[in-house]
Amino acid sequence: LSLLCLFNCPATSDLSTLSPFGPLPSWVGGLPPAFLGPVLEGWRVANADFSVPLYQPPLGLAKRKPWYTRQEIDTLASVQAALKGREIAFLADPVDALVLQIQGSGRIRITQPDGTQATVRLAFAGSTEQPYKSVGRWLIDQGAVRDASWPAIKAWVAQNPSRVNEMLWSNPRTVFFREEALS
């Protein structure tokens, strides 16, 4: 709903009522193609170029109970052990992974170990329940950018590769996904 409705949102799950242009077509659950976003490239197993994991929820994740922060997930061996085998796919760019987590869902063209490819949808399946903090706001507060757009953030990342984790860790929330086949 957040993509379609920014202010004065009705309390409804009928997305067709949120369009300023009248009822939406019935394809894709009522969402036009513009809302589907890009297809990211990913691999089923990590390799030198694709090493940023997207995870299923860890076993035992409790709803409404905070789990580890993004930094703890990236740095603590015990947390990484809890997520071992929960990887759905690996992306090349940590900022693309962050954007997918902020959006809550998206499509990935996954390359399997045998070289075959399949496009899948990753859907929101839970989060660490840590507070969301905007990396754009963090960059503005640091005086690093004047504009918190994704192109500006990506440009800052390209110029500051040694500070990428610092930026990512400013947002402690991590989102977990479930894989869905596209029909």
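Anyway, here's the lowdown on the structure attached to this text. (Residues numbered from 1 in each chain as written. Predicted model: local features only at pLDDT ≥ 70, side-chain atom pairs only at ≥ 80, totals over all residues. Heavy atoms only, no water.)

## Observations regarding the layout of surface pockets
The condition is simple: Using only the protein atoms, space was sampled on a 1 Å grid; points where a 1.4 Å probe fits but cannot get out form cavities, open sets with protein on both sides within 12 Å along at least five of seven lines form pockets, and lining residues are those with an atom within 4 Å of a point. Grid points are joined across faces, edges and corners, and a volume is the space filled by probe spheres set on the points. Helix and strand definitions follow DSSP, with helices as H or I runs of at least four residues and strands as E runs of at least two, each counted in order from the N terminus.
In this model, the second largest pocket occupies a volume close to 290 Å³. Among the secondary structure elements, those contributing two or more residues to the lining of the second largest pocket are strand E2 (52–55), helix H1 (70–75), helix H3 (94–103) and helix H6 (164–169).

## Some thoughts on unusual backbone geometry
Condition: The cut-offs for exposure are 20% and 50% of the maximum accessible area for each residue type, with area from a 1.4 Å probe on protein chains only; residues under the lower value are buried, those over the upper are exposed, and the others partly exposed.
Of note, Arg64 is a non-glycine position whose phi angle comes to about 65°, a positive value. Looking at where Arg64 falls in the secondary structure, it is placed in the loop between E2 and H1. Arg64 sits in the exposed class, given a relative accessible area of 73%.

## Comments concerning the environment of Leu139
As a reminder of what qualifies: Contacts are assigned to residue pairs with any non-hydrogen atoms lying within 4.5 Å of each other.
Here Leu139 shows up in helix H4 (residues 135–141). Owing to a relative accessible area of 0%, Leu139 belongs among the buried residues under this scheme. Along the chain, Leu139 and Met167 lie 28 residues apart, while their C-alpha atoms are 7.4 Å from each other. What Leu139 contacts, discounting residues up to four positions off in sequence, is Ala144, Val145, Ile153, Trp156 and Met167.

## Quick word on the environment of Glu179
Put simply, the rule reads: We define a polar contact as two N or O atoms separated by no more than 3.5 Å, with the added condition that, inside protein, one atom must be a possible hydrogen donor and the other a possible acceptor, whereas residues neighbouring each other in sequence contribute only through side-chain atom pairs.
Residue position: Glu179 is located in strand E6 (residues 175–181). In sequence terms Glu179 and Ile108 are 71 residues apart; their C-alpha atoms lie 9.8 Å from each other. Setting aside anything within four residues of it in sequence, one finds Glu179 in contact with Arg44, Ile88, Val120, Arg121 and Leu122. A polar atom in the side chain of Glu179 sits 2.8 Å from the side chain of Arg44.

## Focus: the environment of Pro57
In this structure, Pro57 sits in the loop between E2 and H1. Linking Pro57 and Ala125, residues 68 residues apart in sequence, is a C-alpha distance of 6.7 Å.

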